[in-house]
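# Working through the structure, step by step
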Amino acid sequence: MKACVACSAVFAAVLVSWTAVSAQIPGMVQPKHYPWSDASLSPDQRADMVIRQMTLDEKIQLLHGPGWQALFAPQESGPLTRAISVLGFIPGVPRLGIPDLQMTDSNQGVSGAGVKGRYATALPSGEAMAAAWDPALSYEIGTMIGHELRAMGFNMSLGSGINMIREPRDGRTFEYKGEDPLLAGTLSGQELKAEKALHLITDVKHYAVNDQDAGRIVVNAIIDKRAMRESDLLAFQIALKDSGAGAVMCSYNRINGTYACENPYTLTDVLKKDFGFKGFVVSDWGGTQSTVNAAMAGLDIEMPGNDSFGEPLKKAVEAGQVPMERLNDMVHRILRTEFDSGVVDDPPQPESPDVMRGFEVAQKTEEQGAVLLKNAGNVLPLSAASIRSIAVIGGHADVGVMSGGGSSQVSPAGGNPVPPSPELLKNPLASFFLVAVYHRSAPLKGIEEKAPHAEVHFDPGTDPAAAAALASKSQVAIVFAVQHESEGMDLENLSLPENQDALIEAVAAANPHTIVVLESGGAVLMPWLDKVAGVVEAWYPGIRGSQAIANLLFGDVNPSGKLPLTFPKSEADLPHPIHLGPPKPDADHPVPKLAGAPGMIGMAMGIGPFFDVDYDEGLKVGYKWYDAEQKPVLFPFGFGLAYTTFAYSGLSVMPGESTTVSFTVKNTGRRAGIETAQVYASIPDSAGEPPKRLVGWTKVELGPGQSKQVEIPVLRDRLSVFDEASDSWKLVPGQYILRVGGSSRDLPLEKTISY
Ligand code: BGC
């Protein structure tokens, strides 16, 4: 091959210009040597060295976003031109080599990339991730998200979300990881650990007791300390310990009368002192309500505004209301996190996202996270060889799969295939919250590809009689039922909207082989459950939903997902059957003047008169409520079927610093499958705990007829209770029953031990 001189010249020119371009890439600080560049020094030493060089203005600049006005007025010059997204930007201090913070949401993939014409992988929702009960998968998810964040130039993620689903009608249920602190904390911890390993600042949110979006900025969550410590805050504690996450986002709501972003108990006493958290606290967007109170309570960054931590904070420092020591602590926390995470030493380098890796992770998550809830007469899996006709009905299954909305929305590649009505578009909140966005991964196509010998017909499901007519002519009817959830608005109830219950009833009456595939954020009610043959909970399935759902329906993948939250029989069974929102304003309930988000964004925050929600169920959150109240449920926490069955035997329990629980799981069916074996503990009666809590689990992959002995370590902390009087965790002396099985309500093995 001849060397091409002209080509080399062109190549060299391209390289030079690329270097020039990359020098201007947002967030990239050109390498230069500073005394604190020495990576052998500790992050704390490096941070202190920088602080000594900083002016008061430079310190203040690190503690707030660009201001609300900046979001609406495009900037033509100045540091904001470096922002990938002004909404998530804090300029660094170039003269000291301190990079800009470039943040974006990343709860179900990197959100909003489409605004800049970029692509990001749309993962299944948080509940789907949780339903996989798979820490190793969560780590893979974190790695995938981390690579895509870096590819776009972001150095800080705004996820993962944890909340105990005290209010299952919360419009953000889909973002969270179920109703158990050990499950949610462990999975978020792995996801964030993986992102941190890629040199990103990671964040866990929304701290804390942020259980509803209806009136999220005016709601006061009332809850006792023990309940919080043993559930809501414990989930964060586990995630932080496992991940070393750099940031915690405080939530909009008040907790026991004090805003979460200015709450000394949750922010300083618990998070910074007791958990030993060394990173920084960032407010949810528009969630900062004061300057001195917030700074002194433990808030470190106001986002995305500067109304409290801009000029007012500077004045408060000058007036001595916020001591310089605290200001330096705020700055130290940010800088030490930047060094600790690696964003200073290894800034992100822009590249094309690895689309294929994203596909793999998205599909695997859906395949492991979908939950088979009912399979009467083994209607599933469908036989590709013998099936001749299939009716696919509803849920826009001909064009895509639904996704959850709001700040975590991943831009739909190729646009939303289900255009919103012109009526809906008149609402100013439409684009951000109300419009149901679908990803172009059509289940109809996946089903057609699996069943080449079958007639596959689609009916939109808008007319139950027409859908039933198609179903009656088909061997099998598959109804796709959707329930849209979005940030900023709660569900009115847990029923499927828009006449879908009637649609399912009509189809089931016409065809005994009716299978319902649910695309929902969390639990839904199923008045038709007895009439259908099969139910699959697919959550929001992500960009490979079509392939994953088809693989599950046709048995190429044996379902293994288990519910991370309880499906109740009716809303009357919830701890709070009535879902409270802000009361109507009147003389006794005026609309408060709040700091934080103005205008349209304020509306989305649900501004209205203040109101209380009393979480008096306390420790009895999620399945613990239904157990304690002895309420039957539709499907319990931890439940999920497979196309095979499993048997449990031979439990032995070795007490010790870490209790070892071992037992045998056998695949008693004819297909290979994966079982999630769960261990629950009943704490001695004198402790006043709910009947049982999850203390460990493991996933066991078994061929047909195969058995495996498994061992699950149960840490002493998992058996302890929080004693408010001494403000500490205690192991209550007495008898502990360890129970083992395949769901919280199917625990065939048990053994009692004493401590
Ligand atoms: C959400 C946060 C999100 C932030 C930035 C807020 O509305 O509550 O979860 O991280 O916006 O997009």
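In this report, the structure presented in the accompanying data block is examined. (Residues numbered from 1 in each chain as written. Predicted model: local features only at pLDDT ≥ 70, side-chain atom pairs only at ≥ 80, totals over all residues. Heavy atoms only, no water.)

For the rest of this paragraph, the subject is the side chain of Asp627. The topology assignment puts Asp627 in helix α21 (residues 623-628). Here Arg745 takes part through its side chain, which lies 3.1 Å from a polar atom of the side chain of Asp627. Ignoring anything within four residues of it in the chain, the contact list for Asp627 reads Pro691, Lys692 and Arg745. (Helix = DSSP H or I, 4+ residues; strand = E, 2+ residues; numbered from the N terminus. Polar contact = N/O pair within 3.5 Å; in protein donor to acceptor, adjacent residues only side chain to side chain. Contact = heavy atoms within 4.5 Å.)

In this section: the state of the cysteines. Here the structure, examined in full by the defined rule, presents one disulfide. Between Cys250 and Cys261 runs a disulfide, and the two sulfur atoms are separated by 2.1 Å. On the S-S bond that ties Cys250 to Cys261, the torsion sits near 110°, and the link is right-handed. Of this pair, Cys250 sits in strand β6 (residues 247-250) while Cys261 sits in the loop between β8 (258-259) and α9 (264-274); the two residues are 11 residues apart in sequence, bridging distant segments of the chain. For Cys261, a relative accessible area of 1% gives the class buried. (Disulfide = S-S within 2.5 Å. Buried < 20%, exposed > 50% of the residue type's maximum accessible area, 1.4 Å probe, protein only.)

So, about α9. Among the residues making up α9, those that are buried are Tyr265, Thr266, Leu267, Thr268, Val270, Leu271 and Lys272. Between the side-chain oxygen at the start of α9 and the backbone nitrogen of Tyr265 there is a gap of 3.1 Å, and the oxygen is on Asn263. In the segment just after α9, Gly276 is the residue with positive phi, at about 70°.

Here we take up the nonpolar core. Core analysis: the biggest nonpolar cluster contains 79 residues, and Met54, Tyr207, Leu313 and Leu335 have the highest contact counts within it. Broken down by element, this core gets its largest block of residues, seven residues, from helix α8 (residues 225-243). The contact partners of Tyr207, leaving out residues within four places of it in the chain, are Leu233, Phe236, Val248, Met249, Cys250, Ser251, Ala260, Thr266, Leu267, Val270, Leu271 and Phe275. Grouped together as the second largest cluster of nonpolar side chains are 35 residues, Ala471, Val479, Leu503 and Phe635 included. (Core = buried A, V, L, I, M, F, W, Y, C linked by side-chain atoms within 4.5 Å.)

In space, the three strands of this open sheet follow the order β1-β2-β3, with mixed pairing throughout. Each end of this open sheet is capped by a strand with a single partner; those strands are β1 (89-90) and β3 (156-158). Inspection of the sheet shows β1 paired to strand β2 (residues 101-105) by two bridges, in the antiparallel sense. Bridge pairing in β2 links Phe89 to Gln102. (Pairing = 2+ DSSP bridges.)

Another point: the site of the ligand. Taken together, Asp105, Arg172, Lys205, His206, Arg216, Met249, Tyr252, Asp284, Trp285, Ser407 and Glu487 are the residues near the ligand. A distance of 2.7 Å separates an oxygen atom of the ligand from a polar atom in the side chain of Asp284. Contacts to the ligand include Glu487, whose side-chain N or O atom sits 2.6 Å from an oxygen atom. Protein chains shield 94% of the accessible area of the ligand, which is 310 Å² for the free molecule. By residue class, the composition of the shell around the ligand is three nonpolar, two polar and six charged. (Near = heavy atom within 4 Å. Areas by Shrake-Rupley, 256 points an atom, 1.4 Å probe, with all protein chains shown as cover. Nonpolar A, V, L, I, M, F, W, Y, C, P; charged D, E, K, R; others polar.)

This next bit is on the sheet that holds strand β9 (residues 280-283). Taken in spatial order, the three strands of this open sheet run β4-β6-β9, and their pairing is parallel. Two strands bound the open sheet, and with one partner strand each, they are β4 (203-207) and β9. Across this sheet, the average inter-strand angle for adjacent strands is 30°, counted without regard to direction. In the sheet, β4 pairs with β6 via four bridges, with the strands oriented parallel. The partner of Val204 across the bridge, within β6, is Val248. (Axes fitted to C-alpha atoms, helices over the stretch in contact; angles between N-to-C directions.)

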